[in-house]
Amino acid sequence: MSLSLCLLAASVLPLFPLGWVFNRLVASLPAGIAQGLAALILPQLGIALLGLVPPSSTWPVSWRYGAMAWATGSALLYALRALSARDLGIWTRLMLSSGLGVVWLGWCAGAPAAVLRAVAVGWSLPGAVALFLAGVLVRRVGGAYIGLQGGLATVMPRMTASLVLAALALTATPVFPAFFALWRGLGSIPLAFVPFWLPLIFLWGWAAGRLFQDLLFGDYRGERVADIGRPSAALIGLVLLAAVVLGFHRGGVTL
Amino acid sequence: MTLTLGDRLKVRSMVYVASEPIPRFWPMRTFIHHNPLYGLEHRPFVEAVAEGSRLFHARGYLDRGQYQEYRREGRIDDALLRRRIREFLAARAGLPSELDLEAWLWHLATACRRPRVVEAGDWVSGAGIAAVWRGQPAPPPEGDLDAALRAALGRRCAPESPVYAHVDALFGTTLGATLDDLLSKSCLDFFDEGQSAWQAPGREAGFFRAWKAIARRNARFLLRGLHLRQVLAEEETAEGMVAYVLRRLEVPEAVWQDYITRELTRMHGWAGFIRYRMGAKHYYWAQRYPADLVDFLAVRMVLGFALLQEGRRHHGTPASASEILALLDGKPRQAYLRHELYGGTILPAWAHRVDNALARGRPEAIARIASAYVAARTDWENRRTAEALRALAQAVGATEEAALADLAPGQTDALLSVLRDWEDGEGQVWLEAMESRCIDELVAKIRPPASGEPGAKRPFAQALFCIDVRSERMRRHLEALGDYQTFGIAGFFGIPLGYLEFGKGSEAHLCPAVQTPKNLVLEIPAGLDFEEEPLYDALEHVLHELKASVLSPFVAVEAVGLLFSLGLVGRTLAPLGYHRWRTRLHAGKPVTRLLLDKLSPEQADSVIRAVQRAMIVRALARELRIPRDQVTDDDVRNLREIALGNEPGPSRLAQRLGMTEAAEREFLDKLRSVYRIDQGVTSLQMGRLGRIGFSVEEQVRYVTQALLSIGADRNFSRFVLLVAHMSQSENNPYESALDCGACGGGKGLPNARALAGMANKPEVRRRLRERGIVIPEDTWFLPAIHNTTTDVIELHDLDLLPARHLLYLERLRSGLSAAGRCCAAERMPLLGAAPRLAADPFAAAALAQRQAHDWSQVRPEWGLARNAYAIVARRALTEGVDLQGRAFLQSYDYRLDPKGRLLENILTGPLVVGEWINLEHYFSVVDTESYGSGSKVYHNVAGRFAVMTGNQSDLRTGLPAQTVLKDGRPYHEPVRLIALVEAPLEFARRTVGRIAKVQALIGGGWVRLLVLDPEDDYRVHVLEDGGFRVHPRSGRGGHAPSKNPVLEASS
């Protein structure tokens, strides 16, 4: 029963190879808000399912270490895959799948459910914003295939700025909640795993760099296209700001 | 494979011809404004612009939106625009008669906001658009899809394009960018002129040989997986390597030349610099480290070939032209999808699907997707075009919209063809309409003299300024102040000279870049006191050495790093105060004289003897530790004669000091090799000394020519100022771009001093008098320099001024100072300063001073931006007219030039320099990135001779955005140079006709020519469409101003 629940949880709180279920589920929804909501809800569902499983502290140590290794490997694989993704929706889902590996790590380390939820939100929230923006691109340009037009920042500055912030949050850049979650997560796992997570951070940065290069630089070659409205940009800014405040609070940083 | 001499010459000549379109790029220390399309000047402007766009991937005109903005500001001649539309339509047959096409094109040009209505597309057709209007999807291409795709690919993939460019376009690789990076690094290593602390080894052997020696063991290449050893082992020479790689790439020999052109133009900055070096025989670095374009091409081709081979090994990408052709021909569907995806033109909705299909590589799936994609693309292209046409029709009128919907597919095709052709040539029409407005403005400003000659009152001072547009303001303000008369002359004052400045080790050429000076002028200190290097200068020298050292960062930062912060803080917070403080610390430049007179053979021999004797004394002290007091003059003479082979050994000194024969021989060898006391060197030095100075005949000729060319043959005033110009800025690699273009990007003061020295000489004046040019005894030619950044005019050689002139010096200085302040008050608001400065000359002048010393200032002055006119005429025609610093003003009086020789000189010298300056600005505005050098903010100095964007790139040629744009919009109005010549029409035509180069420039439309005919009631004749027409607003009277001058003229 526990194993079944774990496998079910791995389908919505992505863990390789069952993460494809999560990815398929999100991809099957209409691009935009629906996908964003799914990115927020599904990981929480997974955490709820994990709550039904006996705590990992009751498991043999070797099982726990094995699960940690699996979560680490899963995060690495998805990050590696994200490097070659050119579709913004796919890139976001893969980065989300990679980042949510930290939740599994926390669960293996025995973190309480409330902490796990907050950690998941740290990735899901920017992921949801990025998926929403991918939907905007699909509607306005016809697809969210980054790097085709180049220099999107010149024609859609608000959208690009929002996307850049979301991508930074998604790749655990300092001040965003994911960074504090990772920081704490790395402090609570055996030292032997840390060397594997450091290249992971490098891979996330690399993937974000590729995204930015395609978004920000070069000359725009596409059709004329309208930017997102100021209210939308302001709302996204507020959401991400709230996430930063939350990150500081949960991360134990005194402002 | 070893090439025969014939093959090698063939490759070399191919490279030579292929490089013709690439403009030479001068080092930035002597920035030469040049036409980026100089290599295409033999072709008409319109054709050259099109060819330049193809070769350099650049734009030749502004975009439509910017021209529309100019139109809203009244800068466009609507009448000409309409006339050109009518002419365009009149020249075409088979137009859709249902539409008012003139109205269509008018709206398209003046109201349409799209950059293009008919965009490039493979599948747009009248039938497709008709289907869209019927509410149906546009039908996919009929017949054989593969054949249609092959045709589309044929239009996109030119056979002369480099193989790696095809691979990049078809496989999404970045071989081209990687190749550019690797080549940039290789070039930086080789061409460095002292910026790097550690120099690349073996550079004396030439670029290709030096690079080859390093490339075999270059870790950078090895890490990239490039196997260069095998390739480099195939051929020894650069020519052989070029031929070898071209054959291995299987490039058809028929397209080698075009292929080479494409390779060279890809990095035209580096190629242009190497072209310059090849032609600059006097260039020190080129003499020391030779390189040519064949070397450059060979390095590029080897690297490109290795990258292709590496791509084949690791990714299975094609590595030859025939493999590319096989893909395009054999798998057109896959190739088309690849080109769409990696070329960035794919419909975004299809990108992921196509990417997946190509990654899986299943032929059936690819064929299916290609078919579906072409259908979608066809529908999208036709829909987009139909929408654009409908929007345009709506703007023209409701009836047009209805008529458009009723067009048969064939008529729609005709309409598309009209619009496409119009849009292709629209930029040129806008340009002509803009120029027409500028011509109208100029003609309206010209002031033909009412009648008779101006009064012959002797002015207080006369001043000869450079024709540079920045002199116009100064001249206007100076004349407005009172009794001043000004002239315009090319800033080298007609004296091409090589100049060896005191304290400098190399000769500067102070003349237009198209000339090579024969005469050399030396600057020698006139001070009699022995000067030692001041303490501060010595300290600064030490710090500079320390900064350049590789090891100093490890040991010296803590010790002396803080010292540098003084400069940092001072320059940032108080640039002017800091500059004044530092100037006080430095030793001032000593009083100097120019060696102007030619040396006689005896004098030259005496100079060489003196130098050689001094060298022998020094050699004895250094090599043999024999002090001067143990050596007699006779010993030195004896040693010199023996070293030169005029006398046999042993020397008297050796005998006296008991030197062995071997020791003496060794010393004599050193005298010959190290101290250059050698017969061959002596002959060479005699030849070089022969270049120094000017003979009296030459001096008389240069002074005569300078005075007559500006129409100054009488009524000389007490002071005749020869005002050269320079600029002053900090932290500005483009500083020399602001100096004098007629002096090869240098400062023209030596030329002014030289001319003044000649003209003040009694012997010269006597001979001038014989030629009818009478210079009064109390006239003194005084050199000066106009600092165009601060608007200060500084007088020079005042110590030579006769005492009686000193009485008037104060008046002269105060006049110049006031004019400078007025000039600053006019300029500073244009640079973004507060408008109130226009009324506060003192504050404006203070700000100008600050700008010149502010190291954060990206735009210390506007330089030559907004130049538009070249006026070759008497000053009387423009005196008192505000030409807003937009005109090159060359004084000229045709009455002193019966044979037209002076005009010939003006047209071949100053006019060509003006044309280069003008077109450099023009192209830098219309394409800031490709023809210009982009933003200064990202520039870094490369090798001390150029700038690059970021840490490595092609050399950035052209002008930076900050020089030509203001707030993102063109500050420089991009029009071709409008040259107005005051002379009888026939006389001007004959003169132009005698100079092939000028005729090509004017006939080809690189320069717009206006002839102001004083013998035809001062009417202006405008050269247009191959003939002259009279401008209706021109003339001294009797010509009623017309509302529409162009149309009236044409009628």
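Quick note: structure is the one above.
In this text, all values refer to a predicted model and were calculated from it rather than measured experimentally.

Enquirer: What am I meant to see in the sheet that holds strand β10 (residues 869-873) of chain B here?
Expert: As a general point, the strands of a sheet are linked pairwise by backbone hydrogen bonds and lie either parallel or antiparallel. Residues and elements named next belong to chain B. In space, the six strands of this open sheet follow the order β11-β10-β16-β17-β18-β19, with mixed pairing throughout. Among the strands making up the open sheet, the edge pair consists of β11 (887-891) and β19 (1027-1030). Mean inter-strand twist for the sheet, computed between neighbouring axes without regard to direction, equals 20°. Both strand β17 (residues 1007-1013) and strand β18 (residues 1019-1024) contribute to a ladder of four bridges, which runs antiparallel.

Enquirer: How should the pairing of strand β12 (residues 939-942) of chain B be read in this particular structure?
Expert: When a strand is regular, its side chains alternate between the sheet's two faces. Residue and element names in this part refer to chain B. With four bridges connecting them, β12 and strand β13 (residues 946-949) associate as antiparallel partners. Bridge assignment links His939 to a residue of β13, and that residue is Thr949. Linking β12 back to β13 in an antiparallel pair, the connection comprises three residues, with Gly943 at a positive phi of about 60°.

Enquirer: I tried to follow the packing of helix α5 (residues 101-110) of chain B against helix α23 (residues 409-445) of chain B on my own but got confused; where do I start?
Expert: For any two helices packed against each other, the geometry comes down to the angle between their axes and how far apart the axes lie. All names here are of chain B. Interaxial distance between α5 and α23 falls to 11 Å at its minimum, and their mutual angle equals 45°. Put simply, α5 runs oblique to α23. In this structure, α5 crosses over α23, and the sense of that crossing is right-handed. Residues Leu101, Leu105, Leu108 and Ala109 of α5 lie in contact with α23, whose contacting residues are Val418, Leu419, Trp422 and Glu426.

Enquirer: How should unusual backbone geometry be read in this particular structure?
Expert: Leave glycine aside and you will find that most residues have negative phi; peptide bonds, for their part, are mostly trans. Residues and elements named next belong to chain A. The linkage connecting Phe16 with the following residue, Pro17, adopts the cis geometry, with an omega of 0°. As for its position among the elements, Pro17 is in the loop between α1 (2-12) and α2 (19-28). Positioned with a positive phi, Val175 is a non-glycine residue whose angle comes to about 85°. In this fold, Val175 is placed in the loop between α9 (157-170) and α10 (177-188).

Enquirer: Help me understand the sheet that holds strand β4 (residues 508-510) of chain B in this model?
Expert: Residues and elements named next belong to chain B. The four strands lie next to each other as β4-β3-β5-β6, forming an open sheet whose pairing is mixed. Among the strands making up the open sheet, the edge pair consists of β4 and β6 (592-595). The average undirected angle you get between the axes of adjacent strands in this sheet is 30°. Across three bridges, strand β3 (residues 497-500) lies against β4 in antiparallel orientation. The residue bridging Leu497 from the neighbouring strand is Leu510, located in β4.

Enquirer: I tried to follow helix α15 (residues 268-279) of chain B on my own but got confused; where do I start?
Expert: Residue pairs three or four apart in sequence face the same way in an α-helix, which turns once every 3.6 residues. All names here are of chain B. Its twelve residues give α15 an end-to-end C-alpha distance of 16 Å, which sits within 8% of 16 Å, the value for a rise of 1.5 Å per residue. If you check which residues of α15 are buried, you get His268, Gly269, Trp270, Ala271, Gly272, Phe273, Ile274, Arg275, Tyr276 and Arg277. Here the buried face of α15 lies against α2 (45-56), α9 (175-191), α14 (256-266), α16 (284-288), α17 (293-315) and β13.

Parameters and conventions
- Residues numbered from 1 in each chain as written.
- Chains lettered and ligands numbered in written order.
- Predicted model: local features only at pLDDT ≥ 70, side-chain atom pairs only at ≥ 80, totals over all residues.
- Pairing = 2+ DSSP bridges.
- Helix = DSSP H or I, 4+ residues; strand = E, 2+ residues; numbered from the N terminus.
- Axes fitted to C-alpha atoms, helices over the stretch in contact; angles between N-to-C directions.
- Parallel < 35°, antiparallel > 145°, perpendicular 65-115°, else oblique.
- Left-handed = near helix turned anticlockwise from the far one by under 90°.
- Contact = placed C-beta atoms within 7 Å.
- Expected span 1.5 Å × (residues − 1).
- Buried ≥ 20, exposed ≤ 12 C-beta atoms within 10 Å, placed from the backbone.

Just distances and angles here, no functional claims.
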